[in-house]
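Residues per chain, in single letters:
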Amino acid sequence: MPETETAHWYCVHTKPKCEHLAAASMRQLENVETFCPRIRFQRSTPRGKVWFVEALFPSYFFARFLYSASHRGVKHTHNVIRIVGFGGDPAPIPDFTIESLREEMQGAELREVKFGVEVGDTVEVAEGPMRGLKGIVESLASGEQRVKLLLEFLGRQSLVEVQASKLLSEKAPRDVMAAKK
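Residues numbered from 1 in each chain as written. Predicted model: local features only at pLDDT ≥ 70, side-chain atom pairs only at ≥ 80, totals over all residues. Heavy atoms only, no water.

**Student:** Give a detailed account of the packing of aromatic side chains, specifying residues and quantitative values.
**Tutor:** Using the criterion set out here, one finds six aromatic pairs in the structure. Between Y10 and Y67, the ring centres sit 5.8 Å apart and the planes meet at 50 degrees, which makes this aromatic pair tilted. On the criterion of sequence distance, the pair formed by Y10 in strand β1 (residues 8–14) and Y67 in helix α2 (residues 67–75) is long-range, its members being 57 residues apart. Among the residues examined, Y10 registers a relative accessible area of 0% and is labelled buried. Judged by relative accessible area, which is 10%, Y67 ranks as buried. Note on F65 and Y67: the rings are 6.4 Å apart at their centroids and 25 degrees apart in plane angle, and the pair reads as stacked. What links up through ring pairs into an aromatic cluster is the set Y10, F65 and Y67. Against the face of W51 rests R40, its NZ or CZ located 3.8 Å from the ring centre. A cation over an aromatic ring shows up here: R102 above the ring of F35, its NZ or CZ 4.9 Å from the ring centre. (Phe/Tyr/Trp six-rings, centres within 6.5 Å; stacked < 30°, edge-to-face > 60°. Helix = DSSP H or I, 4+ residues; strand = E, 2+ residues; numbered from the N terminus. Buried < 20%, exposed > 50% of the residue type's maximum accessible area, 1.4 Å probe, protein only. Lys NZ or Arg CZ within 6 Å of the ring centre and 35° of its normal.)

**Student:** Outline the confidence of the model for the protein, supporting the account with residue identities and numerical values.
**Tutor:** Residues shown with low pLDDT carry predicted positions that ought not to be read at fine detail. A residue-level look at the protein finds 88% of positions with pLDDT of 70 or above and a mean pLDDT of 85. Within the model, the stretch residues 172–181 combines pLDDT values under 50 with 17 contacts to residues more than four positions away or in other chains. (pLDDT = per-residue confidence, 0-100. Contact = heavy atoms within 4.5 Å.)

**Student:** Run through α2, naming residues and quoting values.
**Tutor:** Given 3.6 residues to a turn, an α-helix orients residues that are three or four positions apart in the same direction. Looking at α2, one finds that the buried residues are Y67, S70, H71 and V74. End-on view of α2: buried residues confined to an arc of 130 degrees, all on one side of the axis. What points out from α2, more than 90 degrees from its buried face, is the exposed set A69 and R72. Buried-residue contacts for α2 involve β1, α1 (19–26), β5 (60–65), β6 (80–83) and β8 (89–90). (Arc of directions from axis to C-beta.)

**Student:** Talk me through the nonpolar core; I want residue IDs and the actual numbers.
**Tutor:** In terms of nonpolar packing, the biggest core is built from 14 residues, with V12, M26, F61, A63, F65 and V74 touching the most fellow members. Leave out the neighbours within four places in its chain, and V12 touches M26, S59, Y60, F61, A63, V74, V80 and R82. (Core = buried A, V, L, I, M, F, W, Y, C linked by side-chain atoms within 4.5 Å.)

**Student:** Would you mind going over helix α3 (residues 95–104) in detail, with residue names and values included?
**Tutor:** Residues of α3 that are buried: I98, L101 and R102. Viewed end-on, α3 has its buried residues packed into an arc of 100 degrees, placing them on one side of the element. Away from the buried face of α3 by more than 90 degrees, exposed residues F96 and E103 are located. Looking at the buried side of α3, the elements it contacts are β1, β2 (33–35), β5 and β9 (92–93). Remark: Q106 follows α3 within two positions and exhibits a positive phi of approximately 55 degrees.

The structure is reproduced here in C-alpha cells:
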C-alpha cells in the first residue's frame, strides 16, 4: 500500500477529451489539488484558421491528494476512468516532476503554442483566394506581420505578399520558450 501520511501527486486517466472537465469536478473535492496542463494553438480548417485547446497529455491530468482519505472520491469523479498505477498499486509522481511541468507551462494550466514561420519554410495559405496553395517563404516583410511567398501558380512562380496569420507552416510548431533556449 502507498504511504498514507503525506499527499502525493498521481496521474489520473480520464475519458477522451474530458481531462479539463474531470479536473474541474475534482477541484470540488476537499484536500485535492489538480493540475491539468493544456495548450492553445491554431489549425487550418475549411473555415480558415481556428483556435483549438487540447490537453498536453490527452486523457490524463494530475491530482495531489492523501491516498487513504481521498482515493474513492477521486476514482468516482465524473469522467475519471482510474488512477494510474502498476500491479494494482497507485504510482505516486515525484513533486519535482510536477514543478518542472509547471515551470514549462509558466505557472499556468493553459499555454499558447506559437506557429512561427522563417525564411525558407514551406507554408500553406489557410485563408483567402489563395487558400490551399503552398509556397516557400522568401522574406519577412514589416516584422512578422506580412510574409513574401514564392508560389507556383498556373505553371509559373510568383512572389506574393500575405499576412503571416493566414499561413500554416509544415514544420513542427516552435514554442515561445524553446526559442529562448
